[in-house]
Amino acid sequence: MRRKRKKISVAGQPAEAKGRRLAESRAQREYEEQEWLHRRNVAVCRVMLLVLLLAIWELCARLGIIDDFIFSSPSRVFFCFWGMVRDGSILGHVGITLFETLVSFGLVVALGLLAAVVLWSSRSVSEVMEPYLVMLNSLPKSALAPMLIVWLGNHVHTIVVAAVSVAVFGSILTLHNGFASMDEDKIKLIRSLGGNRVDVLTKVLLPGSVPLIISNMKVNIGLCLVGVIIGEFLAAQRGLGYLIIYGSQVFKLDLVMMSIVLLCILSAMLYQGIAWLEKKVS
């Protein structure tokens, strides 16, 4: 019996293989369309939820359900913000808070990585230092801020140190635990090929820990902002934390609510910046 020949396409390839590739490409396009629709629906729902909350807040203030002097309202917050935009004062307050947050965040990332590598490289050092790191991480940092002002003075670097103290100890513990759980087989492979500790660090540990480092950065950027605000509560003449304290002292609660809203926006922007970096390196 003669064997049936496979149907050949115009391009000289089997028709079955071409059909399979077409089906795969069609499934890929459908998946991408579904993902785009999902992201669009999520974005729309986020915007609608924000608009709904602002509308309820404004309506309650207008109807007298809540006291707009105490709770303010979106319109009063906007006019307060617009007034500070017109006189140019808000840019300085937002800029100094952003600067202090970014500086403290950079220090936390650098110090956290360096300390975690040192603890990973020496078992004895990690066993000695671990209980102290746990103790320092659990210590309420707001209690340290007044002492930092006495030790360092009323300066910007005092606020940066306060922000670093909020995030750095937890960052060290998280990175160290991640380094300690690295795949031992990969480390043994590097050593079997004649690699030393530096080779293990640069070729296995750090490249394999990039997702952990990025995830840790997402947490630290928010903690650094919290630490900066704590420092500005006690040792600042500018910044959003200073505006919150000043507004509460003189009963300008529109100023307080405006500063809180700006902090929310700033924290979301910083987090999205780290998320963008994660997409670039993944």
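The notes below deal with the structure included here.

Cut-offs applied
Residues numbered from 1 in each chain as written. Predicted model: local features only at pLDDT ≥ 70, side-chain atom pairs only at ≥ 80, totals over all residues. Heavy atoms only, no water. Helix = DSSP H or I, 4+ residues; strand = E, 2+ residues; numbered from the N terminus. Rg over C-alpha atoms; globule rule 2.2 N^0.38 Å. Buried < 20%, exposed > 50% of the residue type's maximum accessible area, 1.4 Å probe, protein only. Contact = heavy atoms within 4.5 Å. Areas by Shrake-Rupley, 256 points an atom, 1.4 Å probe, with all protein chains shown as cover. Core = buried A, V, L, I, M, F, W, Y, C linked by side-chain atoms within 4.5 Å. Axes fitted to C-alpha atoms, helices over the stretch in contact; angles between N-to-C directions. Parallel < 35°, antiparallel > 145°, perpendicular 65-115°, else oblique. Left-handed = near helix turned anticlockwise from the far one by under 90°. Nonpolar A, V, L, I, M, F, W, Y, C, P; charged D, E, K, R; others polar. Phe/Tyr/Trp six-rings, centres within 6.5 Å; stacked < 30°, edge-to-face > 60°. 1 Å grid on protein atoms, 1.4 Å probe; cavity = no way out; pocket = protein on both sides within 12 Å on 5 of 7 lines; lining within 4 Å. Points joined across faces, edges and corners; volume = space filled by probe spheres on them. Salt bridge = Lys/Arg side-chain N within 4 Å of Asp/Glu carboxyl O.

### Concerning the overall build of the chain
Stage number 1. The helix and strand inventory of the chain stands at 12 helices and 0 strands.
Stage number 2. Taking 19 Å as the expected radius of gyration for a compact globule of 282 residues, we find that the chain reaches 27 Å, considerably beyond that expectation.
Stage number 3. Along the first, second and third principal axes, the C-alpha set of the chain runs to 100 × 60 × 30 Å.
Stage number 4. A burial count over the chain gives 34% of its 282 residues as buried.
Stage number 5. In the chain, the share of contacts with a sequence separation of at least 24, taken over all contacts with a separation of at least 6, comes to 70%.
Stage number 6. For the chain, the computed accessible surface area is about 18200 Å², with 66% contributed by carbon and sulfur atoms.

### With respect to the nonpolar core
Stage number 1. With 47 residues, the main nonpolar core has Phe 105, Met 217, Leu 243 and Met 258 as its most contacted residues.
Stage number 2. When residues of this core are traced back to their parent elements, those giving at least two are helix H3 (74-87), helix H4 (89-121), helix H7 (156-180), helix H9 (197-208), helix H10 (210-234), helix H11 (240-249) and helix H12 (253-281).
Stage number 3. In contact with Leu 243, not counting residues within four places along its chain, are Met 84, Ile 90, His 93, Leu 255, Met 258 and Ser 259.

### Some remarks on the side chain of His 93
Stage number 1. Note that His 93 resides in helix H4.
Stage number 2. Not counting residues within four places of it along the chain, the set of residues in contact with His 93 comprises Met 84, Gln 237, Arg 238, Gly 239, Leu 240, Tyr 242 and Leu 243.

### Let's talk about the packing of H10 against H12
Stage number 1. The N-to-C vectors of H10 and H12 enclose an angle of 165 degrees; their axes lie 10 Å apart at closest approach. As far as their axial angle goes, H12 and H10 are roughly antiparallel. You can see that H10 and H12 cross each other, and the crossing is right-handed. Across the interface between the two elements, Val 210, Ile 214, Met 217, Lys 218, Ile 221, Leu 225 and Ile 229 of H10 pack against Leu 263, Leu 266, Ser 267, Leu 270, Tyr 271, Ile 274, Ala 275, Leu 277, Glu 278 and Val 281 of H12.
Stage number 2. Split into classes, the residues belonging to the contact of H10 with H12 amount to 14 nonpolar, 1 polar and 2 charged.

### Brief notes about the packing of aromatic side chains
Stage number 1. Overall, the coordinates contain 2 aromatic pairs when judged by the stated rule.
Stage number 2. Ring centres 5.7 Å apart and planes at 65 degrees place the aromatic pair Phe 78 and Phe 79 in the edge-to-face group.
Stage number 3. Phe 78 sits in the partly exposed class, given a relative accessible area of 45%.
Stage number 4. Relative to Tyr 246, the ring of Tyr 242 lies with its centre 6.0 Å away and its plane at 20 degrees, an arrangement referred to as stacked. Of the two residues, Tyr 242 and Tyr 246 are both situated in helix H11; the distance of 4 residues between them amounts to about one turn of the helix.
Stage number 5. Under the relative-accessibility criterion, Tyr 242 is labelled partly exposed at 22%.
Stage number 6. The class for Tyr 246 is partly exposed, based on a relative accessible area of 31%.

### A word on the layout of surface pockets
Stage number 1. Each pocket or cavity is described by its volume, and for the second largest pocket that value is around 200 Å³.
Stage number 2. Lining the second largest pocket, in full, are Leu 54, Trp 57, Pro 74, Val 77, Phe 78, Phe 81, Met 258, Val 261, Leu 262 and Ile 265.
Stage number 3. For the lining of the second largest pocket, the secondary-structure elements that each account for two or more residues are helix H1 (15-63), H3 and H12.
Stage number 4. A class-by-class count of the residues in the lining of the second largest pocket yields 10 nonpolar, no polar and no charged.

### Quick look at the pattern of salt bridges
Stage number 1. Counted by the stated rule, this structure contains 5 salt bridges.
Stage number 2. Residue Glu 58 pairs with Arg 62 through a salt bridge whose shortest N-O separation is 2.8 Å. In this pair, Glu 58 and Arg 62 both sit in helix H1, 4 residues apart, roughly one turn of the helix.
Stage number 3. Residue Glu 58 is classed as buried on the basis of its relative accessible area, which comes to 15%.
Stage number 4. Residues Glu 278 and Lys 218 are paired through a salt bridge, measuring 2.5 Å at the closest nitrogen-oxygen approach. One end of the pair, Glu 278, is in helix H12; the other, Lys 218, is in helix H10, with 60 residues separating them in the sequence.
Stage number 5. Among the ionic contacts, a cluster of salt bridges with common partners joins Asp 68, Arg 76 and Asp 254.

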